[in-house]
Amino acid sequence: GEASISWMAPEKFYYSDSLLLYCRDFSNEVHEISSKGIGLRYRINLPEPYPRSYIEDGKFEVEQIKQPYSYWLCDIYTCQDLLYFSYCHGLDFMVSLYDCKKHQLIFSGRRMQGSPDSQLPLFLLIDGVYQGEFFGVLTPMFIGDLAKKKGTTWPAVLDNYDPDNDNPVIAFYRVKER
């Protein structure tokens with residue numbers, strides 16, 4: 001038989017304050033849903049997109065996932081003029097931050113779920129937007145792992161954090177221009 005893999009698809013709806021965004025599986029088009037209807041908001045050009053023929057076949061095979069294709073655009077949030085999104089690239093989960101005003105990519109790198117990655121700045125762990133600020137939920141496991149890394153800097157409020165007994169922390173990130 002054919003080797004195929006079953007993955008749980010990411011969420012399809014993303015809420016950023018009063019903006020509701022929607023993205024279909026394997027699509028690079030992000031739509032805005034409002035009382036006026038549904039309209040195209042962003043078309044994100046991912047590197048090496050998953051071949052359309054594979055999608056049309058309806059098969060998501062293990063060998064194809066191991067290839068360096070991009071797929072499953074998700075975690076799409078916008079705050080002021082910044083667009084944040086995640087996607088899979090091969091077996092890696094990637095995160096990107098894009099300046100819509102300047103039409104320029106600010107950051108793109110690997111995101112490690114549940115454990116810190118020295119390549120990913122702490123402020124890029126984004127889970128939504130609330131009252132004009134990005135926010136991220138930092139789990140006790142994440143904070144404990146981060147504390148073990150040498151040379152890590154973090155807000156002073158976490159200095160006495162106890163990963164074994166404390167709750168997750170919600171971090172808010174203000175956007176400011178340079």
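Shown above is the structure to which this text applies.
Thresholds, definitions, all that
- Residues numbered from 1 in each chain as written.
- Predicted model: local features only at pLDDT ≥ 70, side-chain atom pairs only at ≥ 80, totals over all residues.
- Heavy atoms only, no water.
- Phe/Tyr/Trp six-rings, centres within 6.5 Å; stacked < 30°, edge-to-face > 60°.
- Helix = DSSP H or I, 4+ residues; strand = E, 2+ residues; numbered from the N terminus.
- Buried < 20%, exposed > 50% of the residue type's maximum accessible area, 1.4 Å probe, protein only.
- Pairing = 2+ DSSP bridges.

Caption draft 1: Layout of the packing of aromatic side chains. Inspection of the entire model under this criterion finds seven aromatic pairs. With a centroid separation of 6.1 Å and an interplanar angle of 50°, the aromatic rings of Phe-135 and Phe-172 are classed as tilted. Of this pair, Phe-135 sits in strand S10 (residues 133-138) while Phe-172 sits in strand S11 (residues 169-173), and the two are 37 residues apart along the sequence. Members of the aromatic cluster, each reached through a chain of ring pairs, are Tyr-130, Phe-135 and Phe-172.

Caption draft 2: Seen up close, the pairing of strand S7 (residues 92-99). Extensive coverage of S7 is indicated by the burial of six of its eight residues. The pairing of strand S6 (residues 82-89) with S7 spans eight bridges and is classified as antiparallel. If you follow Cys-88 over to S7, its bridge partner there is Phe-93. Bridge count between S7 and strand S8 (residues 104-110): six bridges; the pairing is antiparallel. By the bridge assignment for S8, Tyr-98 is matched with Leu-105. Taking the residues that link successive antiparallel strands as the turn, the S7-S8 hairpin has four residues, and the phi of His-103 there is positive, at about 55°.

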